[in-house]
Amino acid sequence: LARGVTEPDLAGRHVVVSAGGTREPLDPVRYLGNRSSGKQGYALARTAAARGARVTLIEANTGLADPAGVDVVHVGTAVQLREAVLKAAAEADAVVMAAAVADFRPADYAQGKIKKKDGEEPAPLVLVRNPDILAEISAERAHPGQVVVGFAAETDDVLANGRSKLRRKGCDLLVVNEVGERKTFGSEENEAVVLAADGSETPVPHGPKEALADVVWDQVAARLAG
Ligand code: CTP
Ligand code: CA
């Protein structure tokens, strides 16, 4: 069982976790991507399984091995991630969006490799918005009582940004962390504040990503029970 947990409090529950970062292709060899390692999402999947949940992990470009006892769906782009999350969320008790979803994708995909032309400047890159998966699943819950959780890496006024993002997205919980040295990207550790729609704010001290994952599942389990 996971750290500090004495009973499988998520037994009989189905949870969906997204992890990693989407890649938005420009041509057959290039993409727009981000620095998400997927480790926090994998920690969420492992700890949920340890607490007895049936877990669907929707993975984008992490290169990490499938965790034991977890159903894994592999996707590449934001559009594919949306499709996989909506499908799995239809019968889930909780959905946790730990994946870094590209906000924009190239408006056009070049079927052949984009080539330089002598003496010509490159054409400007035209981008279009990707769907907001977290806002969509929050607004259209598969069933009342489904718990929806988002993640946000912020700079500057981290908490104020987090509070307004929680409202904007309409989710139940938003895990906010500050982006910086030793924090977040690629690291084994994390430090965050879990903001809840009911106004509660739970600071989680610097520590393993599993410890943060367990705080998230504590909060999810409490909402599912209540
Ligand atoms: N998210 C999503 N779909 C998107 C963008 C983000 O589902 N197209 C989810 C992420 O998985 C994360 C949460 O929304 O759980 C917050 O992501 P973030 O990038 O911080 O939110 P944005 O609304 O894109 O805000 P920003 O402009 O600050 O990037
Ligand atoms: Ca974003």
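Overview of the structure. (Residues numbered from 1 in each chain as written. Chains lettered and ligands numbered in written order. Predicted model: local features only at pLDDT ≥ 70, side-chain atom pairs only at ≥ 80, totals over all residues. Heavy atoms only, no water.)

### Side note on the nonpolar core
Inference 1: Ranked by internal contacts, the top residues of the largest apolar core, which has 33 residues, are Leu44, Val149, Val175, Leu212, Trp217 and Val220.
Inference 2: Among the secondary structure elements, those contributing two or more residues to this core are strand S1 (14–20), helix H1 (39–50), strand S4 (54–60), strand S6 (94–97), strand S9 (147–154), strand S10 (173–178), strand S11 (189–196) and helix H5 (209–225).
Inference 3: In terms of residue count, H5 provides more of this core than any other element does, eight residues in total.
Inference 4: Look past the residues within four positions of Val175 in its chain and what remains in contact with it is Val149, Gly150, Phe151, Ala152, Ala192, Val193, Val194, Leu212 and Val216. (Core = buried A, V, L, I, M, F, W, Y, C linked by side-chain atoms within 4.5 Å. Buried < 20%, exposed > 50% of the residue type's maximum accessible area, 1.4 Å probe, protein only. Helix = DSSP H or I, 4+ residues; strand = E, 2+ residues; numbered from the N terminus. Contact = heavy atoms within 4.5 Å.)

### Here we look at the pattern of salt bridges
Inference 1: What the rule picks out here adds up to 14 salt bridges.
Inference 2: A salt bridge links Asp172 to Arg141, with the shortest nitrogen-to-oxygen separation between them at 2.5 Å. Taken together, the residues Asp172 in the loop between helix H4 (158–169) and S10 and Arg141 in the loop between helix H3 (133–139) and S9 connect sequence positions 31 residues apart.
Inference 3: Arg141 sits in the partly exposed class, given a relative accessible area of 26%.
Inference 4: Notably, a salt bridge pairs Glu154 with Lys165, separated by 2.7 Å at the nearest N-O pair. Of this pair, Glu154 sits in strand S9 while Lys165 sits in helix H4; the two residues are eleven residues apart in sequence, bridging distant segments of the chain. Taken individually, Glu154 and Lys165 each receive the classification buried, so the pair is uniform in this respect.
Inference 5: By sharing partners, the salt bridges in this structure join Asp9, Arg51, Asp214 and Asp218 into a single network. (Salt bridge = Lys/Arg side-chain N within 4 Å of Asp/Glu carboxyl O.)

### What to know about the sheet that holds strand S12 (residues 201–208)
Inference 1: The eight strands are arranged S5-S4-S1-S6-S9-S10-S11-S12 in an open sheet whose pairing can be described as mixed. Of all the strands in the sheet, just strand S5 (71–75) and S12 have a single pairing partner and so form its edges. With direction set aside, neighbouring strand axes in the sheet form an average angle of 20 degrees.
Inference 2: For S1 and S4, the ladder comprises seven bridges, and the chain directions are parallel. Within S4, the position partnered with Val15 by the bridge is Val55. (Pairing = 2+ DSSP bridges. Axes fitted to C-alpha atoms, helices over the stretch in contact; angles between N-to-C directions.)

### Observations concerning the pairing of S4
Walk down a regular strand and you will see the side chains alternate between the two sheet faces.
Inference 1: Within S4, six of the seven residues are buried, which leaves it mostly tucked inside the rest of the structure.
Inference 2: Across five bridges, S4 lies against S5 in parallel orientation. Bridge pairing in S5 links Ile58 to Val73.

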